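What follows is the residue order along each chain.
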Amino acid sequence: MKANKIIFFLMIPCLLIVSCNDEEFLTEEPKTFNTIDNIFSSSAQVDQLLVTLYKDFRNLRVFNWQSKGHGTDVYDSPEFRLGDSFTDYSRINAQSGQFNTFYEFYYRVISRANTVLEVADRENINWPSEEERLYAIAQAKFFRGYAYGSLAELFGGVPLVQEVFDQPKFDFERATREETYRFAINDLESILMDLPETTTQDGRVVRGAAQHYLSEFYLAVGTLTGSDQDFTSSVAYASDVIDGGVYSLMTARFGERMDEADKDVWWDLFRINNVNYNDGNRECIWSIQIDFDAFVAEDGDAVLSYPRMFSPVYRAIPGVTGVAEDVGGRGVAFIAPTDYVQNLIWDPAISDNDQRNAPHNIRRTILYNDESYPADNPGSLIGQEVPQDTIAKANEGNGWIYPIFEKLTTDEFVGLDQGENRSNLFRDEYAIRLAETYLLRAEAYHRLGNNEQAANDINIIRSRAQCTYLISAAEVNIDFILDERARELLAEESRWHTLLRMGGTVAVDRIREFSTLPHAATSLNFDYNLWPIPQTVIDRNSGNVLEQNPGWSNR
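Below is a short write-up of the structure.

Most of strand S6 (residues 429-433) sits inside the fold, with five of its five residues counted as buried. Relative to S6, strand S2 (residues 284-288) is paired through four bridges, and the arrangement is antiparallel. Bridge pairing links Ile288 to Glu429 in S6.

In structure tokens form, the structure reads like this:
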């Protein structure tokens, strides 16, 4: 196992299970009962709960399709998986499980963070140092702030829970969306001095991560209120990260494979052992930890199932076979990039010479590789390009053939000698990359009316990608910023959070325009700018009415 990683494991309290018919026993006090008051006796146990928060975050960001943008303008289901489409609004309502998954996830994070905050000040907990105690508190508040800011982006105003309840509560009240953002901001601002600038333990939260989310949440609340002061704060926090001397965009080849020809720095960003700040990647602000040894030994979720989830099914083409590196691994096309991502954002007028669209970063050419094909002359087509009409015929009615995005697969699969089958990646993943911070600042500048500075920030990203075309101040708008985010951050950003925090009808307009499947345009016959509060949450809160978000009440 790689040294200095977070090691994930769950805290499992011991349970006493007794079977007895004695009536007197039923009236006795239990001899052993684990509660918040007796389960925590050391700082190591508190840290175990913090580690569980990191694991929860990892699992949502890595495994949940909606967190990757499924159902937005960037990803949808291929046609042969119509039943999994998140753009069929005849099937989506406040009872849909996907909404409940996110809502419950964020409140689980909040509950665990509140537990850490509850016990961190207890006298029976011995900390190695005051610095470590304050860092534990800072990590808990970071996750709580992140969770509330994310809830505000997706669901709007939600109940603000700051304590651990020992009894069921059924009368929660919704705060406003602005109050929810402000709560998140207050949590993050309160911990800045207790977070280290860097850490030797890959994956732990650092100050730049809090500053990045402060920029995002100030941008979100400014969009909601129209306050220039909030946009200015967004710019300031992004600038702390960008100009603080700790981080910088990677502009030159780096890492273990930097000498390989016909590649570039964009390709380097997504290779194994290149992701973490401690790997020499000064662009990485916060990373999600993935490790093959941990996966085999104890942590079955320490994996990126990206080749399986994202890669196309080239073996459906006559003359193309296998699940090896030449076809992107063992892809089953759970979700597919929209035409917007495959083609529209790469218009040569905008993206000429863009490294992110180079053939070694987005593979669009499919080569015959089946030695038994064709039957009348076996092997004669090996290495030749498959014609477009052959691809179209194999793809018709299926949608499972599309370009391979190399950031989501590899040419060096790990664990093949131990039973792996090219379904998974074992490299760390970005939680926050500096390029996104630049794009947050560009958006904040744009909303302040300073398109000159917005264009400068966008062009810093585009210049790193070697784009011939650089944008002018007059061309800066929200659509271009969203396009640039798609080019730079596909499958890294939480696209739903991005679209919904922009308010208005940004999300629904783009889903109607760019979704792959035609039912998005026909079934999305209402407007919304928030996800619905899950109906189960409304029903359980019997002591007080939780109002449903606009657009969803009659769904």
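Further remarks concern the environment of Leu416. Mapped onto the elements of the fold, Leu416 is located in the loop between strand S5 (404-405) and S6. A relative accessible area of 33% means that Leu416 is categorised as partly exposed. Ignoring sequence-local partners within four residues, the contact set of Leu416 consists of Asn421 and Arg422.

It is worth spelling out the packing of aromatic side chains at this point. Within the structure shown, the criterion is met by 46 aromatic pairs. Centroid distance Tyr54 to Phe143: 4.9 Å. Interplanar angle 90°. Geometry classified as edge-to-face. Residue Tyr54 is found in helix H2 (residues 43-63), and its partner Phe143 is found in helix H4 (residues 130-155); the two are separated by 89 residues along the sequence. Across the pair, Phe143 and Tyr54 agree in class, each one buried. Ring geometry for Phe57 and Tyr146: centres 5.3 Å apart, planes at 75°, overall edge-to-face. Of the two residues, Phe57 sits in helix H2 while Tyr146 sits in helix H4, which places them 89 residues apart along the sequence.

With that settled, consider the pattern of salt bridges. Scanning the entire structure with this criterion turns up 43 salt bridges. In this structure, the salt-bridge partner of Glu493 is Arg495, at a minimum N-O distance of 2.7 Å. By relative accessible area, Glu493 is classed as buried at 4%. When its relative accessible area of 1% is taken as the criterion, Arg495 is described as buried. One network of salt bridges, with partners in common, ties together Glu283, Asp354, Arg356, Lys407, Arg433, Arg462, Arg464, Glu484, Arg487, Glu488 and Glu492.

Cut-offs applied
Within each chain, residues carry numbers counting from 1 in the order of the written sequence. Restriction of local features to residues with pLDDT of at least 70 applies here, the model being predicted, together with a cutoff of 80 or more for giving and counting side-chain atom pairs; totals for whole chains, interfaces and linings are based on all residues. Each side-chain value is worked out from all heavy atoms of the structure, with water and hydrogens disregarded. For every residue, the accessible area (1.4 Å probe, protein chains only) is compared with the maximum for its type, and the residue is labelled buried under 20%, exposed over 50%, or partly exposed between those bounds. Under the scheme used here, helices are H or I runs from DSSP no shorter than 4 residues and strands are E runs no shorter than 2 residues, and both carry numbers assigned from the N terminus. Each pair of strands is called paired provided DSSP finds at least two bridges between the two strands. Any two residues having at least one pair of non-hydrogen atoms within 4.5 Å are treated as being in contact. Pairing of aromatic side chains here covers Phe, Tyr and the six-membered ring of Trp, requires ring centres within 6.5 Å, and sorts the geometry by plane angle: under 30 degrees stacked, over 60 edge-to-face, intermediate tilted. By definition, a salt bridge exists where a carboxyl oxygen of Asp or Glu is found within 4 Å of a side-chain nitrogen of Lys or Arg.

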